[in-house]
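# Structural features, examined
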Amino acid sequence: MLLIVIFSRSQLVTEAQLFGVELSDAILSLLTRHHRHAGSSEPIVELVKRLFVAQKNLSLQYMPEISSTLLSLFVVLIQSDLEYEQLSLLKLLNFLLKWKSEKGMFPNSHFAGMN
């Protein structure tokens, strides 16, 4: 019985984390699909960062599905003209890549030792 409860809770956590990834992708799609005004991406990027910081603070594992968010962030970075927006994007990318490497996602590569 205890194993069933633990398994169902872990399933709920995984589903919630996947929902967070989907939400961040939807938020970032607003920046990549629609014409945006200069300076409008920083608050949106901060919101996405908070989603992932909360997941990491809850000791959740980095999920491979977050790679879609990384791709969206790179697209926004390429489209960005303002240095402070680029810095915000780079900080989020750095956070996500560090999180990815912390959990042994690259066990046999040179990324595993980078912290």
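Residues numbered from 1 in each chain as written. Predicted model: local features only at pLDDT ≥ 70, side-chain atom pairs only at ≥ 80, totals over all residues. Heavy atoms only, no water.

For the rest of this paragraph, the subject is the packing of helix 3 (residues 67-79) against helix 4 (residues 83-102). One way to put it is that helix 3 packs onto helix 4 with a least axis distance of 10 Å and a crossing angle of 160 degrees. As far as their axial angle goes, helix 4 and helix 3 are roughly antiparallel. By crossing handedness, the relation of helix 3 to helix 4 is classed as left-handed. Taken together, the residues of helix 4 that come into contact with helix 3 (itself represented by S67, T69, L70, L73, F74, V76 and L77) are Q86, L89, L90, L92, L93, L96, L97 and K100. Of the residues contributing to the contact of helix 3 with helix 4, the split by class is eleven nonpolar, three polar and one charged. (Axes fitted to C-alpha atoms, helices over the stretch in contact; angles between N-to-C directions. Helix = DSSP H or I, 4+ residues; strand = E, 2+ residues; numbered from the N terminus. Parallel < 35°, antiparallel > 145°, perpendicular 65-115°, else oblique. Left-handed = near helix turned anticlockwise from the far one by under 90°. Contact = heavy atoms within 4.5 Å. Nonpolar A, V, L, I, M, F, W, Y, C, P; charged D, E, K, R; others polar.)

Glancing now at the nonpolar core. With 20 residues, the main nonpolar core has F52, I66, L73, L92, L96 and W99 as its most contacted residues. Counting only elements with at least two residues in this core, the list comes to helix 1 (2-33), helix 2 (41-57), helix 3 and helix 4. When residues no more than four places from it in sequence are discounted, the contact partners of I66 are V21, F52, L96 and W99. (Core = buried A, V, L, I, M, F, W, Y, C linked by side-chain atoms within 4.5 Å. Buried < 20%, exposed > 50% of the residue type's maximum accessible area, 1.4 Å probe, protein only.)

What follows concerns the packing of aromatic side chains. Within this structure, the stated rule accounts for three aromatic pairs. Here the aromatic residues F52, Y62, F95 and W99 are joined through ring pairs into a cluster of three or more. (Phe/Tyr/Trp six-rings, centres within 6.5 Å; stacked < 30°, edge-to-face > 60°.)

Compared with the 18 Å implied by 1.5 Å per residue over 13 residues, the 19 Å span of helix 3 between its first and last C-alpha is a close match. Listing the buried residues of helix 3 in full gives T69, L70, S72, L73, V76 and L77. The buried residues of helix 3 occupy one face: seen down the axis, they fall within an arc of 165 degrees. Residues of helix 3 that are exposed and point more than 90 degrees away from the buried face comprise L71 and I78. (Expected span 1.5 Å × (residues − 1). Arc of directions from axis to C-beta.)

Between its first and last C-alpha, helix 4 extends 28 Å over 20 residues, near the 28 Å set by a 1.5 Å rise per residue. Within the sequence span of helix 4, burial applies to E85, S88, L89, L92, L93, F95, L96, W99, K100 and S101.

Bringing the confidence of the model for the protein chain into the picture now. Residue-level pLDDT values for the protein chain average 80, and 77% of them are 70 or greater. When pLDDT is averaged over each helix and strand of the protein chain, the minimum, 80, is found for helix 1 and the maximum, 92, for helix 4. Every residue in residues 105-115 scores below 50 in pLDDT, and together they form twelve contacts with partners more than four places removed in sequence or on other chains. (pLDDT = per-residue confidence, 0-100.)

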